[in-house]
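# Secondary and tertiary structure notes
Here's the letter readout for the chains.
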Amino acid sequence: MLYSFLLALLAFVLFLVARAVYFSRRIAVEPIDNPLPVNVLDAAHRLGKVIQFKTISQQRVADIDGDEFRNMHSWLEDTFPLVHQKLEKEVINEFSLLYKWGGEKSKKKPIMLTCHLDVVPVEPGTEDDWEYPPFDGKVTDEHIYGRGTMDVQSGVMAILEAVEHLLERGFEPDRTIYLGFGHDEEIDGEFGASEISRILESRGVELEYLLDEGLPVVDELIEGIKSPVALVAVAEKGFLSVELTVESEGGHSSVPQGKTAIAILSEAISRLENNPMPAKFDGLIKSTLTSLCAVVPYSLRLFVANLWLFKGAIKRVLSNIPTTNATLRTTTATTIFESGMKDNLIPTVAKSVVNFRIHPNDSVDSVLKHVKRTIENDKVQIRALNGYIDPSSVSDMKSDSFRQLRISIRQIFPNVCVSPTLMTGATDARHYTNLTSNIYRFSPLRAAHDDIDRVHGTNERISIENYGEMIQFYAQVIQNSAGSGD
Ligand SMILES: [Zn+2]
């Protein structure tokens, strides 16, 4: 009896190990043998030059300096002559750019590459913390410094460099390629990407896929991981801010009458924060974990390969880490609380705003229902603020386009592990969901831990070597998707 039990146990352990070995297999991808002949140093100086245009997105549209965008447009025209001879260019809403490249007779659906021309301002008071002024575009021996070198003029420029060099080589795409560069991504993309998308839809354009800026190639995603991870976001969270208002009697603080507005509102907020929407261990997080199986430390591999057995434990661990928790559930964050003005006066009104980032398995509606159910108090008025948006759908991870993207990434970054994941922030990609259900958000940027803070922060920079990889990456994406052949 004991013998057969041990045998069964052994068989079970072998089964778990076999799964770990199976999921750790990686398909070998040969690095490319004919990279574009790009002089990376010259390209770095061109990137440095584009950084000097202060295409800053301001909260008030009236504060945007249109001349900076117009000057950038004409500089791009001079810098990429073939792009501007061979592609059709349209200026959308004065400052955004849309290019169309070839493929008129092709039966294949077009593809689209997108990034944005605008950058965030430099936080006042931090200018002197920069090693080089943020709009000088300084090129050092190793890096290009400046606002936009990561987010994301490097993307715009790398795409244009790739196209210019492919044109020099005589490359003709066998399907239409659109390039879309919005001008207001940092302030929601309402006039840029949104308008580009509306125009393409009105022309009946349906895309095979769209590749937008997104997550980077992360050096050490978790401690002990064996190789960098290229995070490709196949979905994007939604956004909802809910205003909570409580009105009460008020009066003098020496004679309080029951609970104050502040107390009622505090209780409501505390209930919301203590009862977040449940974590979802869905197909996407499973795909993320499975894709990492080959590179996570051996100690974790057995667990990751056998999610059917360990998913409860893994869910608990991931829920306790803020970054992974945000990929598992709709998050709740109280961002505004306003009430009271004098220490001896009970206020008649207390107001608060709670911000939700909505997981693709939830919706604006389901979050609002959750808020009402959780607060369960008629004295709290609940109102959704304008600007809410449902989460995106999850793009197909088994599509040809995703497979091709995975290959393009591994051809340029041979040792990386490509991992599909969820984008917790927002990009212009959300404006293009009417054109295709295959939307991928990825930036071919290498990012070590201390680089993440440089995005929208101080000393934003990219290495010259990585910038060269970016150019080769976009060239590879274009050739793999629109080269003659399949
Ligand atoms: Zn960006």
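Residues numbered from 1 in each chain as written. Predicted model: local features only at pLDDT ≥ 70, side-chain atom pairs only at ≥ 80, totals over all residues. Heavy atoms only, no water.

### Brief notes about the overall build of the chain
In terms of regular secondary structure, the chain is built from 15 helices and 16 strands. At 25 Å, the chain has a C-alpha radius of gyration in line with the 23 Å of a compact globule built from 486 residues. Its C-alpha atoms give the chain principal-axis dimensions of roughly 85 × 80 × 45 Å. Partitioning the intrachain contacts of the chain with sequence separation of at least 6 by distance along the chain shows that 82% fall at a separation of at least 24. As presented, the chain carries roughly 23100 Å² of accessible surface, and 52% of it is formed by carbon and sulfur atoms. Charge separation in the chain, taken as the distance between the mean sites of 49 positive and 66 negative side-chain charges, equals 9 Å. (Helix = DSSP H or I, 4+ residues; strand = E, 2+ residues; numbered from the N terminus. Rg over C-alpha atoms; globule rule 2.2 N^0.38 Å. Contact = heavy atoms within 4.5 Å. Areas by Shrake-Rupley, 256 points an atom, 1.4 Å probe, with all protein chains shown as cover. Lys, Arg positive; Asp, Glu negative; His and termini not counted. Charge placed at Lys NZ, Arg CZ, Asp CG, Glu CD.)

### Some details on the coordination of the zinc ion
Protein coordination at the zinc ion: the donors are H116 (NE2), D151 (OD), E213 (OE) and E213 (OE), at 1.9 to 2.4 Å from the metal. Binding-site remark: the zinc ion is held by donors from one chain whose sequence spacing is H-x34-D-x61-E. With D151 in the loop between strand 4 (143–145) and helix 5 (153–168) and E213 in strand 6 (residues 209–218), this residue pair connects regions lying 62 residues apart in the sequence. Residue D151 is classed as buried on the basis of its relative accessible area of 11%. Take E213: its relative accessible area is 7%, and that puts it in the buried class. (Donors = N, O, S within 2.8 Å, 3.2 Å for Na, K, Ca; no water. Buried < 20%, exposed > 50% of the residue type's maximum accessible area, 1.4 Å probe, protein only.)

### Some remarks on the domain arrangement of the chain
Parsing the chain into structural domains produces domain 1 (40–235 + 391–482), domain 2 (238–277 + 330–389) and domain 3 (279–328). Centre-to-centre, using C-alpha coordinates, domain 1 lies 38 Å away from domain 2. Listed as interface residues are 8 residues of domain 1 and, on the opposing side, 8 residues of domain 2. Carbon and sulfur atoms make up 75% of the area that domain 1 and domain 2 hide from each other, which totals about 500 Å². Across the contact surface, domain 1 and domain 2 share 0 salt bridges. (Domains from an automatic or database assignment. Buried area = accessible area lost by both parts, 1.4 Å probe. Salt bridge = Lys/Arg side-chain N within 4 Å of Asp/Glu carboxyl O.)

### Section: a negative patch on the surface
There is a patch of like negative charges on the surface, built from E123, E127, D128 and D129. As for its position among the elements, D129 is in the loop between strand 3 (111–116) and strand 4. (Patch = residues over 30% accessible without salt bridge, like charges linked within 9 Å, V, L, I, M, F, W, Y side chains within 5 Å.)

### Brief notes about helix 8 (residues 283–292)
For helix 8, the full list of buried residues reads L284, I285, T288, L289, S291 and L292. Along helix 8, the residues classed as buried sweep out an arc of 165 degrees about the axis, all on the same side. In the core, the buried residues of helix 8 are packed alongside strand 7 (229–236), helix 9 (298–305), helix 10 (307–319), helix 11 (322–328) and strand 14 (417–423). (Arc of directions from axis to C-beta.)

### Some details on the pairing of strand 14
Among the 7 residues in strand 14, 7 count as buried, and that is most of the element. Where strand 7 meets strand 14, 7 bridges bridge the pair, whose relative direction is parallel. The partner of L231 across the bridge, within strand 14, is S419. (Pairing = 2+ DSSP bridges.)

### Let's talk about the packing of helix 2 (residues 40–51) against helix 5
Two elements in contact, helix 2 and helix 5, have axes separated by 10 Å at closest approach and are oriented at 135 degrees. Judged on the interaxial angle alone, helix 5 and helix 2 are oblique. Of the two elements, helix 2 crosses helix 5, and the hand of that crossing is right-handed. In this structure, helix 2 uses A43, R46, L47, V50 and I51 to contact helix 5, whose residues at the interface are Q153, S154, M157, E161 and H165. Residue composition of the contact of helix 2 with helix 5, by class: 5 nonpolar, 3 polar and 2 charged. (Axes fitted to C-alpha atoms, helices over the stretch in contact; angles between N-to-C directions. Parallel < 35°, antiparallel > 145°, perpendicular 65-115°, else oblique. Left-handed = near helix turned anticlockwise from the far one by under 90°. Nonpolar A, V, L, I, M, F, W, Y, C, P; charged D, E, K, R; others polar.)

### Quick look at the environment of H252
Inspection of the secondary structure assignment puts H252 in strand 9 (residues 251–252). Sequence spacing of H252 and Q476 is 224 residues, and the spatial spacing of their C-alpha atoms is 71 Å. In this structure H252 touches N344 and I346, once residues within four positions along its chain are discounted.

### Some remarks on helix 2
Look at helix 2: 16 Å from first C-alpha to last across 12 residues, which is about the 16 Å you get at 1.5 Å a residue. Of all the residues in helix 2, the buried ones are A43, A44, L47, G48, V50 and I51. In an axial view of helix 2, the angular spread of the buried residues amounts to 165 degrees, which keeps them on one side of the axis. Of the surrounding elements, those touching the buried residues of helix 2 are helix 3 (66–79), strand 4, helix 5, strand 16 (461–463) and helix 15 (464–482). Capping the start of helix 2, N39 holds a side-chain oxygen 3.1 Å from the backbone nitrogen of L41, two or three residues further along. (Expected span 1.5 Å × (residues − 1). Polar contact = N/O pair within 3.5 Å; in protein donor to acceptor, adjacent residues only side chain to side chain.)

### Describing the nonpolar core
In terms of nonpolar packing, the biggest core is built from 73 residues, with L179, F181, L211, I409, Y467 and Y474 touching the most fellow members. In terms of residues, this core owes the most to one element, helix 15, which gives 10 residues. Ignoring any residue separated from it by four or fewer positions in sequence, one finds I409 in contact with A230, V232, V416, V418, F442 and F473. With 21 residues, the next largest nonpolar core counts L244, A261, I264 and L265 among its residues. (Core = buried A, V, L, I, M, F, W, Y, C linked by side-chain atoms within 4.5 Å.)

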